[in-house]
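Structural description and commentary
Each chain, written out:
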Amino acid sequence: MPAFCDVALPVPLDRAFTYALNGEVPGIGCRVLVPFRNEKLTGVVVRLHDNAPPVEAKALITVLDREPILSEALLELAQWIAQYYIAPLGEVLRTMLPLMAEVRRVVLYKITDTGRQMLHEGAEKGSSRRSKLSPADQNMEYAVLNYLESGEAMKVSRLRSSTGASLQLLHGMLRKRWIARETAADARDARRTVRFAVLVEGARLPKLNENQQAILAELAGAGGELPVAELCRLTLPQSTLATLVKRELVEIKERPADFHLTALGVKRPEYELNAQQVAAFDVITTAVASGEFRPHLLHGVTGSGKTAVYLSAMRHALDQGKSAILLVPEIGLTPAMAAQLHHAFGSEVALLHSALTPEERAEQWHRIRRGDARIVVGTRSAVFAPVANLGLIVVDEEHDSSYKQEEMPRYHARDVAVMRAKLSSAVVVLGSATPSLESWQNALRWRYTKIEMHERVNQRPLPLVELVDMRREFQETGQEQLFSRALVEETKAALDRDEQAIILLNRRGYSYVVLCRACGEKLECENCAISLTYHKAVGEDVRAQVGQRLECHYCGYKRTVPKLCTKCESEHLYFLGAGSQQGEERLQEIFPGARIGRMDRDTVRGRHDLERLLMRLHSGEINLLVGTQMIAKGHDIHGVTLVGVVGCDHALGLPDFRASERVFQLMTQVSGRAGRGELPGKVIVQTYHPDHYAIECAAKHDFHAFVDRELKYRRWMHYPPFNSLANVLIQSQHLEEAAGWAATLGRWFQQTQMTGVRVLGPATAPISKIKRIYRFHLVMKAEKRQLLAKTLQAMLAHAEESGIPRRNLIIDVDAVSLM
């Protein structure tokens, strides 16, 4: 029997930690609870052995799983992600397992030796006059120390309720090392249950008061049982139900809570495929039947019926006794896709995305692992679903940047899906109307099988695209307008015909810059080097000026709108730029009779908000929708005949080599929302760059012309897909520290000979500060991926020697954004 195990922990360190076994031997892939510094962490066992470490190993606290919850294939995938993306294995495994709800973590505070010393000194000498705290706060600190003097670790909630101390005061005591923070953790039952009140059959009724009779009547009218939550709505005393339970007239039973996949209703999918859909379906199903790894790129114009091909191929995989995973880029697409899958496959469908509660995610994950659900739909994390006998992975809108995780581990779900399919001998289909250049180049090199669908279903025409030159619009009207005359006229005509229209305005809020006209000062976030966005009050709040605020969309910082400039005290503040909120207001002024809706992160905060909005759109309750890029992705609304694109081309000015590709993709995708029903569609694009090749090619629906031009530029500049790329961020809360570390790495790169690797920088990141963290970056380009990985590992080794903490270095392999 092995004496030790290596555990991968969710900490920013590239190593596993050895623990002694305490009698119970966990399997490789099991979760365990272990002590780590002053905390108790959940990790995954990756190795069992008898090799004693050089220092005494701490013992495991408990084993959480009787059998491994990660298969060998998923553990192998985790190892690949850790190596490919230069990420700690423990962080990768934490991302793979959405089971945080099954572990209860509690924060505890304990007095330190320094704290005891300060407590005794305070008793002898009284409050310190040198302290920056008020006498009341100093007394509060001594009250906390006095409460903790016994040495027992206390929960933060108990400590605050007993002493009245604020979190800010406790954090200050932590910094002074008067108290220490610990965490306790143990397993908990994360199953979701609902408490039901059930009538006891055959019970003799004693004399009852009116409240008790009301509850019994309500239960009898509902068939003998009701959820306790519904009974609470009767506005009766809670003691009434407790009395009925005590008298054994009612009993309380716990039952599993229902999970509603989606509230969105859609028509049952039709499986009458046309000729080009059948051809695509045949290629995919032949590959699935072979039982071999075969990657495919499905390039189909918007409205060509790619979803029908996906569903048919997934049905075929199920008939073959296999499982299937469907990835969508954003939560916004999951309700409609989940509804279609539910109608097609019933209870075989499971849903995985971040908008679910931790308990719901754990529940869905276990359903998949037990084999109760063989079809999984979700966002990027669904690529780790523990399905058995995987046969097919579909990545819808594979070009979308949402598949790239922007926190550790910074994996790309599209590429992980390809690798998972390879490890599982499964088929992977990457589908898009605007494939990424990386996937397109792989198809050109015959690494992927290319499938093309050039026509819309039922031979519907692609929408006609009209470009409006906003420079000429200003010359002719003499004023700056948010919406051009052509867009207003076409929208009015569509609404008069009782059709629907969508307008893309890809900025949140009302105005995205607030400027002082007197001194030129721009109001910026106090935590980030970014302008604050103005959000206007809405509804009843307008009169009271409640809800007006300036907000940072990076850290969430909010402040009221100042009446005077914070620098020169001028009252002439100027609001520049228009966001979706201002777009909605202007449209209401222009079209007072329109039924207008808005789709952005301010109106859609959860999956239920989105479902309600989509249901209103599908039913025709909304006939004019304005929003950010959320409206551009995959929505199939047959009543939409007009799409307006406003301010889409501002992204061409961003310092990012992918700017043209993103603008082309966004224009093409949002244009594809028009004319998906029986009526033809039209698109009005307002632009200041009508002669830019990305705009011209999107207007002509000419993907191939755009790709040919863009690939030449990428080849000349040694950018992906012809070179591998990594963005290395050096960050710290202190500017001098971040700059010093960046200079240290820069000197090392200058002194080290690296054949086949180009290094740009170090330089200040385009957004130099986010959440009070100062940022510098290096961009690395390599001819071969192995050279890039080798250089990054050597850089990490030098950083460790130079005392640069690993947590202050972010390595973003295959970065999709250099901001």
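Placed above this text is the structure.
On a predicted model such as this, the values are computed, not experimentally measured, just so you know.

1. Side note on the overall build of the protein
When you go through the protein residue by residue, the secondary structure sums to 25 helices and 33 strands. Compactness check: the protein gives a C-alpha radius of gyration of 30 Å against a globular reference of 28 Å for 819 residues, within 12% of the reference. By principal-axis analysis of the C-alpha atoms, the protein measures approximately 85 × 80 × 70 Å. Per-residue burial over the protein gives 52% buried out of 819 residues. Counting contacts in the protein only where the partners sit at least 6 residues apart, residues at least 24 apart contribute 76% of the total.

2. Some details on the sheet that holds strand β10 (residues 225-227)
Here we have three strands laid out as an open sheet, ordered β10-β9-β11, and antiparallel in their pairing. The sheet terminates laterally at β10 and β11 (250-256), the two strands that pair on one side only. The average undirected angle you get between the axes of adjacent strands in this sheet is 30°. As judged from the seven bridges shared by strand β9 (residues 193-199) and β11, these two strands associate in the antiparallel manner. When the bridges of β11 are listed, V194 appears paired with R255. Each of β9, β10 and β11 touches helix α7 (residues 210-221); the most contacted strand, β9, lies at about 105° to it. Where helix α9 (residues 238-246) meets the sheet, its contacts fall on β9 and β11, and the angle it forms with β11 comes to roughly 105°.

3. Some thoughts on the packing of aromatic side chains
One pass over the full model with this rule turns up 14 aromatic pairs. For the ring pair Y510 and Y534, a centre distance of 5.7 Å and an interplane angle of 80° mean the geometry is edge-to-face. Placement of the pair is Y510 in the loop between β20 (500-505) and β21 (513-516) and Y534 in strand β22 (residues 533-535), with a sequence separation of 24 residues. For the pair Y510 and Y534, a shared accessibility class is recorded, and that class is buried. One cation-aromatic arrangement involves K176 over W178; the distance from NZ or CZ to the ring centre is 4.1 Å. The ring of Y574 carries the charged tip of R517 above its face, separated from the ring centre by 3.9 Å.

4. Details of the nonpolar core
Judged by nonpolar contacts, the single largest core of 117 residues is most densely connected at I81 and L792. Among the elements that line this core, the one with the most residues is helix α1 (residues 72-84), at eight residues. Residues within four places of L792 in sequence aside, it is in contact with I86, A726, V728, M780, I811 and V813. Counting 31 residues, the second-largest nonpolar core is a separate cluster that includes A287, L298, V309 and L311.

5. Examining the side chain of R460
Counting through the fold element by element, R460 comes out in the loop between β18 (449-453) and β19 (464-469). Among the polar contacts made by the side chain of R460, one reaches the main-chain carbonyl oxygen of G677 at a distance of 3.0 Å. A distance of 3.3 Å separates the side chain of R460 from the side chain of E678, its partner in a polar contact.

6. Quick look at empty space enclosed by the protein
Under the definition given, this model contains three cavities of 30 Å³ or more. Quantified by volume, the largest cavity comes out at close to 50 Å³. Lining the largest cavity, in full, are T95, M96, P98, L352, R361, W365, S381, A382, F384 and A385. Residue assignment for the lining of the largest cavity shows that the elements contributing at least two residues are α2 (89-96) and α13 (358-370). Looking at the lining of the largest cavity residue by residue, the class counts come to seven nonpolar, two polar and one charged.

7. Concerning the pairing of strand β31 (residues 757-770)
Where β31 meets strand β32 (residues 773-782), eight bridges bridge the pair, whose relative direction is antiparallel. The residue bridging A763 from the neighbouring strand is H777, located in β32. Count of turn residues in the β31/β32 antiparallel hairpin: two residues, of which K771 carries a positive phi of about 55°.

8. Quick look at unusual backbone geometry
A cis geometry characterises the amide bond from M408 onward to P409, with omega recorded as -5°. With respect to the helices and strands, P409 occurs in the loop between β16 (390-396) and α14 (413-423). A cis amide bond links G761 to the next residue, P762, at an omega of 15°. The residue P762 is located in strand β31 in this model. The phi torsion at E397 lies on the positive side, around 50°, for a residue other than glycine. Positive phi outside glycine occurs at R772, with the angle close to 65°.

9. Looking at the sheet that holds strand β17 (residues 427-432)
In space, the seven strands of this open sheet follow the order β14-β15-β13-β16-β17-β12-β18, with parallel pairing throughout. Two strands lie at the open edges of the sheet, namely β14 (349-352) and β18, each paired on one side alone. Ignoring which end each strand starts from, the neighbouring axes of this sheet average 15° apart. Strand direction decides the pairing type here: strand β12 (residues 294-300) and β18, joined by five bridges, are parallel. Along β18, the bridge assignment pairs H299 with E452. Lying over the sheet, α13 contacts β14 and β15 (375-378), oriented at roughly 140° with respect to β14.

10. Regarding the packing of α7 against α9
Two numbers describe how α7 lies on α9: the axes approach to 10 Å, and their chain directions differ by 75°. Put simply, α7 runs roughly perpendicular to α9. Mapping the contact onto sequence places N211, Q212, I215 and L216 in α7 and T240, L241, T243 and L244 in α9. Here the residues of the contact of α7 with α9 are counted per class, giving four nonpolar, four polar and no charged.

11. Side note on the pattern of salt bridges
Once their charged atoms are close, side chains differing in charge can pair, the charge on each being opposite to the other. Counted by the stated rule, this structure contains 39 salt bridges. The closest approach of N and O atoms between R460 and E678, which form a salt bridge, is 3.3 Å. Of the two residues, R460 sits in the loop between β18 and β19 while E678 sits in the loop between α21 (659-671) and β29 (682-687), which places them 218 residues apart along the sequence. Take E678: its relative accessible area is 71%, and that puts it in the exposed class. Across the pair R772 and E526 runs a salt bridge whose closest N-O atoms are separated by 3.4 Å.

About the cut-offs
Residue positions within a chain follow its written sequence, with the count starting from 1. The model is predicted, so local features are restricted to residues of pLDDT at least 70 and side-chain atom pairs to those at 80 or more, both for listing and for counting; the totals for chains, interfaces and linings are taken over all residues. Side-chain metrics rest on all non-hydrogen atoms present in the structure, leaving aside hydrogens and water. Here a helix means four or more residues in a row that DSSP labels H or I, a strand means two or more in a row labelled E, and each is numbered from the N terminus. Every radius of gyration here is taken over C-alpha atoms, with the globule rule written as 2.2 Å times N^0.38, N being the number of residues. Here's how the labels work: a residue is buried when its accessible area is under 20% of the maximum for its type, exposed when over 50%, partly exposed in between, all with a 1.4 Å probe on protein chains only. Note on contacts: a residue pair is in contact if any heavy atoms of the two residues lie within 4.5 Å. We treat two strands as partners when DSSP finds at least two bridges between them. Helix axes use the C-alpha atoms of the stretch in contact, all axes being lines fitted to C-alpha atoms, and the angles between their N-to-C directions lie in the range 0 to 180 degrees. Two rings belonging to Phe, Tyr or Trp (six-membered ring only in the last case) form a pair when the distance between their centres is within 6.5 Å. Interplanar angles under 30 degrees mark stacking, angles over 60 mark edge-to-face geometry, and anything in between is tilted. Placement of a charge over a ring requires the Lys NZ or Arg CZ to be within 6 Å of the ring centre, with the centre-to-atom vector within 35 degrees of the ring normal. We define a nonpolar core as any set of buried Ala, Val, Leu, Ile, Met, Phe, Trp, Tyr and Cys residues linked to one another through side-chain atoms lying within 4.5 Å. Within 3.5 Å is the distance limit for a polar contact, defined as a pair of N or O atoms, with the added protein rule that one can donate a hydrogen and the other accept it, and that residues adjacent in sequence qualify only through two side-chain atoms. Two kinds of site are reported from a 1 Å grid over the protein atoms alone, namely cavities, where a 1.4 Å probe fits but cannot get out, and pockets, open sets with protein on both sides within 12 Å along at least five of seven lines, and residues are called lining when an atom falls within 4 Å of a point. Grid points are joined across faces, edges and corners, and a volume is the space filled by probe spheres set on the points. Note on residue categories: nonpolar means Ala, Val, Leu, Ile, Met, Phe, Trp, Tyr, Cys or Pro, charged means Asp, Glu, Lys or Arg, and polar means any other residue, Gly included. Every angle not falling under 35 degrees, over 145, or within 65 to 115 is termed oblique; those three ranges are roughly parallel, roughly antiparallel and roughly perpendicular. For salt bridges, the criterion is a side-chain nitrogen of Lys or Arg within 4 Å of an Asp or Glu carboxyl oxygen.

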